[in-house]
Amino acid sequence: MSEQIKRIKRELKFQGTILDFYQDTMEINGTHTALWDFIRHKGAAAVVPVTEDGKILMVRQYRNALDRYTLEIPAGALDAEDEPGIVCAGRELEEETGFRCENLEWLITIRTTVAFCNERIEVYVARNLIPSRQHLDEDEFIDLKAYSIEELKEKIFSGEIEDGKTVSSLLAYAAKYTD
């Protein structure tokens, strides 16, 4: 039996800086309704920056939702929903690492939380890094360090790296470019 699901109403409950929260009224099989939460996100991009010696630049930064520091690949929100991910990835690479790249290569696209959020993150690989300078936001404090992919896989499998975009991107990079 195939269920028929139809949205009959979407009501904005809260508009935030990067997220909008909605309550959707859904019709199920034409017989009853249910309320579902929906979070709208304008999208993001991330980058796996690879140094000449094959190490990956990682950013360590405080994350309020976890109340601790995390180790992640550089990433950030699109400036607008229609901004190309590759443009955002290049900007975030330079802002967070102090390097730029003239030829970003698409790696994967991630949908972070499909049950209630439409966030999409396009991930790119940056090689042939060109030194520039960091352009951090005034509330952004980032430590930068290079790791081998083996060191990063150990950090993933020990539970030290838990961030979904970072885990999936590093493992995709390892599967595509190493072993």
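Each value, and the rule that gives it
- Residue numbers here run from 1 along each chain, matching the order of that chain's written sequence.
- Reporting of local features is limited, given that this is a predicted model, to residues whose pLDDT is at least 70; pairs of side-chain atoms are given and counted only at 80 or more, and all residues count toward the totals for whole chains, interfaces and linings.
- For side-chain calculations, the full set of non-hydrogen atoms in the structure is used, while hydrogens and water are omitted.
- The criterion for strand pairing is that DSSP finds at least two bridges linking the strands in question.
- Here a helix means four or more residues in a row that DSSP labels H or I, a strand means two or more in a row labelled E, and each is numbered from the N terminus.
- Fitted lines through C-alpha atoms give the axes, limited to the stretch in contact for helices. The angle between two N-to-C directions lies from 0 to 180 degrees.
- Contacts are assigned to residue pairs with any non-hydrogen atoms lying within 4.5 Å of each other.
- Throughout this description, any angle smaller than 35 degrees is read as roughly parallel, any larger than 145 degrees as roughly antiparallel, any in the 65 to 115 degree range as roughly perpendicular, and the remainder as oblique.
- Crossing handedness follows the turn of the near helix against the far one: under a right angle anticlockwise gives a left-handed crossing, and clockwise gives a right-handed one.
- Polar here means any residue other than Ala, Val, Leu, Ile, Met, Phe, Trp, Tyr, Cys and Pro, which are nonpolar, and Asp, Glu, Lys and Arg, which are charged; Gly is therefore polar.

K.L.:
Explain the sheet that holds strand β4 (residues 44-49) residue by residue, including any values.
P.N.:
Taken in spatial order, the four strands line up as β7-β4-β10-β9 in an open sheet, and their pairing is mixed. Each having just a single partner strand, β7 (75-77) and β9 (105-111) make up the two edges of the open sheet. Here the strands of the sheet are splayed against their neighbours by 20° on average, with no regard to which way each runs. In this sheet, strand β10 (residues 120-126) lies alongside β4 in parallel orientation, the contact comprising six bridges. Bridging across to β10, V47 finds its partner in Y124. The strands touched by helix α1 (residues 85-97) within the sheet are β4, β7 and β10, with β4 carrying the most contacts at an inclination of about 55°. Packed onto the sheet, helix α3 (residues 164-177) meets β4, β7, β9 and β10 and runs at close to 140° relative to β9.

K.L.:
I'd like to hear about the packing of helix α2 (residues 149-157) against α3, residue by residue, with values.
P.N.:
With their axes 10 Å apart at the nearest point, α2 and α3 run at an angle of 140° to one another. If you check the angle between α2 and α3, you find them oblique. In terms of crossing hand, the pair formed by α2 and α3 is left-handed. Between α2 and α3, the contacting residues are I149, L152, K153, I156 and F157 on the first element and V167, L170, L171, Y173 and A174 on the second. Per-class residue counts for the contact of α2 with α3 are nine nonpolar, no polar and one charged.

K.L.:
Can you tell me about the sheet that holds strand β12 (residues 142-147), naming the residues and giving the values?
P.N.:
In space, the three strands of this open sheet follow the order β6-β5-β12, with antiparallel pairing throughout. The sheet is open, and its two borders are formed by β6 (68-72) and β12, each paired with just one other strand. Here the average twist between neighbouring strands, direction ignored, is 25°. Two strands pair when backbone bridges link them, and strand β5 (residues 56-63) and β12 are joined in this way by six bridges, in the antiparallel orientation. Considered in β12, the bridge of I56 is made with Y147. Taken strand by strand, α2 contacts β5, β6 and β12, and its axis lies near 115° from that of β12.

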